[in-house]
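What follows is the residue order along each chain.
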Amino acid sequence: MNPSKDESKKNGKENTQNNTSGNVNSNNNNNNNNNNNNNNKTNQLNANSMVDDNSTIAPNAIYYTHDRSSNNHARSIISDTTTLHHDTNTNITTFNNATSSINSITTNNNNNDISNSDLSQWVYNNNRLSLNRSINQTLDILRKVSLIQPTKSNNSSEQKSTDQIKFTYPLTQMNENLNILKLDLKINHRMNTSLSSTTSNLNNDSLTNLFHFQLTQSLNHLNSLKIRVNDINSKVLITGDINTGKSNLCNSLLKKKKLLPEDQLPCTKLFCEIREASENNGIQQIHAIPIKTSDSSTLRGATLHSVKDANEFYNINSSTTYEVFPLDTLKELVYQNDKYILLKIYIKENIKQTGENNVAIEKSLLKNNIMNISLIDSPGLNVDSIQTTEIMSRQEEIDLVIFVINAENQLTLSAKDFINLASNEKKLIFFVVKKFDKIHDKERCRKLILDQIKDLSPETHKRSSEFIHFLSSAPDSDHEGDDGGDYDNDDDANNDDPDFDHLQTSLKNFILKKRAESKLLPAKTYLCRILDDLIFISNFNIKQFENDYLNLKSELDKIQPEINNKKIHFQRLNNNIDALIENTIDSCSKFTRQKIENSLNFQFIDLPNYTGIVNLYEFVLKTQIFIKNQILNSLNEAEQFAKDSTIKSVETIVELGKAELGDEFMSNRSFNSNLMFTKVHHNDIKALYIPLSFKDMVSPSWTGFISYVTCGLFQPFNKRIKSGSASEKNDRNKSQAMQDSKQVTTQIKSTSNALTKLGLNNYSMDQYWLNPSLLFSSKIPAMAVYSVGGAKALESILFNGIKFFSWDIIKHSIGPIFLTASVLAAAYLIQDISRAVPFNLLIKYETKLKEKNYGQLNADRITREVRNVLRVPSRSILTTCDINLDQKQGTRREIESKIACNNTSMTFFKQILDRSTKQRTLIDSISLDID
Ligand SMILES: Nc1nc2c(ncn2[C@@H]2O[C@H](COP(=O)(O)OP(=O)(O)OP(=O)(O)O)[C@@H](O)[C@H]2O)c(=O)[nH]1
């Protein structure tokens, strides 16, 4: 669109406002004056040329005013600020963006002849600033996206922290839809590995890592774009496959046929940046930047790895950063890629003056009043992979690419790779087809090449007349192998080639006039593409998160009741097991106490036999052992009962466990009840130690004595049996019962035996014969005493008659009576030993049992062991239940954390989407059509 034409048309139709210069403040006037001066100067040089950025920009004012006083010529005061508004009082019109501003300008300025250059410059600046802002915003968005970190662990299923942003990069979908952030899975730029096979080998984290790499590249690229957009210089890269005629084209464009060496063999091995000599104080020379920097330079002998490094290091004002060579050494220098990394060539371009009286001057490419241009001749794309990578990466600093195609080879794979990469930001690429003169079927060749370009760069193809050039003129034969000479000779093969002239004009137009396209469009294209990528990635991930959220939520809704049910169930199970254990322990405790309490209620006939006074000690010991054994037997019975109860309870618990936790529960463990109560009860028995004394042999009682001396006449059997049963109520009676029970049993056995009357039925006659002391356990001694005493008394009565009852007789008889009584008493005691010893020991042991709380102690010991044994399966159930519950709760926590992570990620991508969409809309509103 031509603004001046458009403007004049509109001005004819619309006359909306008349502005007066008197409304403009003095600042504006000053600026206007400055602008006028600059514009006049510029217009003198070339009516269509643009004014230099710096010369026309008023730094802060934003106004566009109508100034009648200056011959009805509108004068613009252009600033870096984009937002303008119209104020009717001050007659100041302001604009929101470049496009609308043009319309407003044309509307507001009826019949005003606005300087095209001013307007163009103003629009350019506004667009540049808008792009700058968008680049900054996009950089910020990209930096935020680069917060996405791959998981550190190798196991991708491992739980991510809630603040970690989840990221999905489905390779196939993404690579189909992405432009710039598409993952480059080509190896060595040639072997395009199968996507599906690659995908299967890459997990999401590896993809995230690759994605990070792409992000970093884009961040660098955006930073370079920012520099480029603001740079008033323009860099033109001439590239293409090896030996396509790049150097030849470069020479032709500069009208210096022998500047860059041309050869049929590969010759340009270094980047050669050709600049106007005026930048080097008008001196033509080569500045060769060495790979290994000089020791006196700031880098002190460091190695430069890339042309980018070299450009950053190079300082025209510091001779330590380069080596100087005359121009005629270039043909040797271009081969020295082992020594130098970049050549900066300063030349004076030949300017052809045409027309009468030098009125029209053909401006040179490098030297013009608009911007500094540098041409960069590059090594062939397919020279080696390092050089190719270097050329690819140099795109970041390049404004325009001239791609040279050898008509004989057309577009090779390396050429396609390069164009694909370049078209990420450069919608428009210049294609120059060299060696077209060598082609016989030109039309077919042209079609083939155009078709290839159509696929690779559709925009360029649409404007093929402007951007695709087929050059048929062959270089002069003396070019080839020319070894130096006239570097200012402007005779070149293309002099009379209309195709070349057309190329030159298109190129100059594009670089110098359509600056918005050549300089700003790449930035706009790149921004649009990367923002489209970000929008796609955000949308894709948001959709993914929404699905994930629904799935996770339904999982959570399912697992929560499961956990609650399990909790209740496990609690009930544990309560049941606890109750079972307590019941078992209670019954064991009760049984033990009862057993020990009743341990001394044994059958007295089981007591060891008394074998006479001679074996008294043995009898005492045996009786003691017998009583102890009774207690021990009770203990053993209690322990056996506890074992049996424990076996049953263990079985029940294991069954419960298996029912709840599966047959695996305790399948590898078996219970061995024999290992219970293995501790010997020495200590327990020791606790029952009773010292023996003489008193333990006797236990006299009147009833016993009377019974003894009366030979049982005063104690009928029945009465004795009754008293025997009652004796269990107290110790004494117990003793009696013991005696009675023993005697009664003996007597019942042999009631018809006359020996019973004499108490001789306890032992056999052999025993009495062998052990006469046993007779003392019978009533024989009493009978003997009675016999002797009776005979003596009868003799006294017969001889003394009535005197028997005299005091004298009594006085003489008292001694023998006492003696008899004593003998009877002694006989009674001796006879009572067999009863007295067990009786006394029994009493002592019973007292001891009570004193030591023996029953309770053992009940505690046994139940302690029972509890310990039962604790094993019950704890195992408890632990397994806890683990089971923990697993479920862990799953729930994992889901909750996934939801949190999902939400964080969703919020993050929504923000990215929102910002990217806004930026995309803003960039869309930047119109670069006006130049
Ligand atoms: N016939 C014909 N020959 C050409 C044309 N352009 C260049 N040549 C010849 O092709 C050969 C290679 O040209 P160069 O300019 O050195 O090619 P280059 O691409 O710079 O080569 P490298 O720098 O080695 O990659 C030279 O002998 C040129 O004379 C053309 O349009 N037609």
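Note that the coordinates shown come from a computational prediction; the quantities given were computed from them, not determined experimentally. (Residues numbered from 1 in each chain as written. Predicted model: local features only at pLDDT ≥ 70, side-chain atom pairs only at ≥ 80, totals over all residues. Heavy atoms only, no water.)

Draft legend 1. The arrangement of the overall build of the chain in detail. In terms of regular secondary structure, the chain is built from 27 helices and 15 strands. Looking at the chain as a whole, 48% of its 931 residues are labelled buried. Considering only contacts in the chain between residues 6 or more positions apart, those separated by 24 or more positions represent 79%. Taken as a whole, the chain presents about 46200 Å² of accessible surface, with 52% of it coming from carbon and sulfur. (Helix = DSSP H or I, 4+ residues; strand = E, 2+ residues; numbered from the N terminus. Buried < 20%, exposed > 50% of the residue type's maximum accessible area, 1.4 Å probe, protein only. Contact = heavy atoms within 4.5 Å. Areas by Shrake-Rupley, 256 points an atom, 1.4 Å probe, with all protein chains shown as cover.)

Draft legend 2. Representation of the pattern of salt bridges within the structure. Applying the stated criterion across every chain, the model contains 24 salt bridges. Between Glu443 and Arg446 there is a salt bridge, with the nearest N and O atoms lying 3.5 Å from each other. Remark: Arg446 and Glu443 occur in helix α14 (residues 442-456); sequence separation between them is three residues, near one turn of the helix. When its relative accessible area of 53% is taken as the criterion, Glu443 is described as exposed. Assessed through its relative accessible area of 29%, Arg446 is described here as partly exposed. For Asp532, the salt bridge is made with Arg920, and the minimal N-O distance between the two is 2.6 Å. (Salt bridge = Lys/Arg side-chain N within 4 Å of Asp/Glu carboxyl O.)

Draft legend 3. Region of the structure containing unusual backbone geometry. Even without being glycine, Asn281 reaches a positive phi, approximately 55 degrees. By secondary structure assignment, the location of Asn281 is in the loop between β6 (271-276) and β7 (285-290). The phi dihedral of Asn853 is positive, around 50 degrees, even though this residue is not glycine. Counting through the fold element by element, Asn853 comes out in the loop between α26 (807-852) and α27 (854-924). What makes Asn853 partly exposed here is its relative accessible area of 45%.

Draft legend 4. Inspection of the packing of aromatic side chains at higher detail. One pass over the full model with this rule turns up twelve aromatic pairs. The interplanar angle of 80 degrees and the centroid separation of 5.8 Å between the aromatic rings of Phe325 and Tyr340 together place this pair among those described as edge-to-face. In this pair, Phe325 sits in strand β8 (residues 323-325) while Tyr340 sits in strand β9 (residues 340-347), placing the two residues 15 residues apart along the sequence. Joined through ring pairs, the aromatic side chains of Phe403, Phe418 and Phe431 make up one cluster. The ring centre of Phe470 lies 4.5 Å from the NZ or CZ of Arg446, which sits over that ring. The lysine or arginine in question, Arg835, covers the ring of Phe839, its NZ or CZ lying 5.5 Å from the ring centre. (Phe/Tyr/Trp six-rings, centres within 6.5 Å; stacked < 30°, edge-to-face > 60°. Lys NZ or Arg CZ within 6 Å of the ring centre and 35° of its normal.)

Draft legend 5. Focus on the sheet that holds β6. With mixed pairing, nine strands are arranged side by side in an open sheet as β8-β7-β9-β6-β12-β5-β13-β14-β15. A strand with exactly one partner marks an edge of an open sheet, and here the two such strands are β8 and β15 (468-470). Direction aside, the axes of adjacent strands within the sheet are offset by 20 degrees on average. The sheet contact formed by strand β13 (residues 400-406) and strand β14 (residues 430-434) spans five bridges and is parallel. Following the sheet pairing, Asn406 is matched in β14 by Lys434. Along the sheet, helix α13 (residues 413-422) makes contact with β5 (234-240), β13 and β14, crossing β13 at roughly 160 degrees. (Pairing = 2+ DSSP bridges. Axes fitted to C-alpha atoms, helices over the stretch in contact; angles between N-to-C directions.)

Draft legend 6. Spatial organisation of α14. Between the first and last C-alpha of α14 there are 21 Å, a value that for 15 residues agrees with the 21 Å anticipated at 1.5 Å per step. Burial in α14 covers these residues: Cys445, Ile449, Leu450, Ile453 and Leu456. Projection of α14 onto a plane perpendicular to its axis shows the buried side chains occupying an angular sector of 125 degrees, all on one side. Away from its buried face by more than 90 degrees, α14 exposes Glu443, Arg444, Lys447 and Asp455. (Expected span 1.5 Å × (residues − 1). Arc of directions from axis to C-beta.)

Draft legend 7. How the structure looks around the side chain of Thr293. Assignment of secondary structure puts Thr293 in the loop between β7 and α10 (307-313). Engagement of the side chain of Thr293 in a polar contact is seen with the backbone oxygen of Ala302, the distance being 2.8 Å. Every residue in contact with Thr293, bar those within four places of it in the chain, is listed here: Leu299, Arg300, Gly301, Ala302, Leu304 and Phe313. (Polar contact = N/O pair within 3.5 Å; in protein donor to acceptor, adjacent residues only side chain to side chain.)

Draft legend 8. How the structure looks around the nonpolar core. Formed by 86 residues in total, the largest nonpolar core has its most connected members in Leu249, Ile274, Leu343, Ile345 and Leu375. Considering each element in turn, this core owes the most residues, 15 residues, to helix α18 (residues 515-597). Excluding anything up to four places from it in sequence, Leu343 contacts Leu270, Phe271, Cys272, Glu273, Ile286, His287, Ala288, Leu330, Leu333 and Val334. With 38 residues, the next largest nonpolar core counts Ala277, Ala310, Tyr322 and Phe403 among its residues. (Core = buried A, V, L, I, M, F, W, Y, C linked by side-chain atoms within 4.5 Å.)

Draft legend 9. Structural detail: the pairing of β7. Extensive coverage of β7 is indicated by the burial of six of its six residues. In this sheet, β9 lies alongside β7 in antiparallel orientation, the contact comprising six bridges. Counterpart to Ala288 in the pairing with β9 is Leu343.

Draft legend 10. Representation of the packing of α18 against helix α19 (residues 616-661) in the model. One can describe the packing of α18 onto α19 by two numbers: an axis separation of 9 Å at closest approach and a directional angle of 170 degrees. For the element pair α18 / α19, the angle class is roughly antiparallel. Split into classes, the residues belonging to the contact of α18 with α19 amount to 14 nonpolar, nine polar and three charged. (Parallel < 35°, antiparallel > 145°, perpendicular 65-115°, else oblique. Nonpolar A, V, L, I, M, F, W, Y, C, P; charged D, E, K, R; others polar.)

Draft legend 11. Geometry of the environment of Glu397. For Glu397, the position within the fold is in the loop between α12 (385-394) and β13. What makes Glu397 buried here is its relative accessible area of 16%. Not counting chain neighbours up to four residues away, the residues in contact with Glu397 comprise Arg228, Lys235, Lys308 and Asn311.

As far as function goes, none of this settles anything; it's purely spatial.
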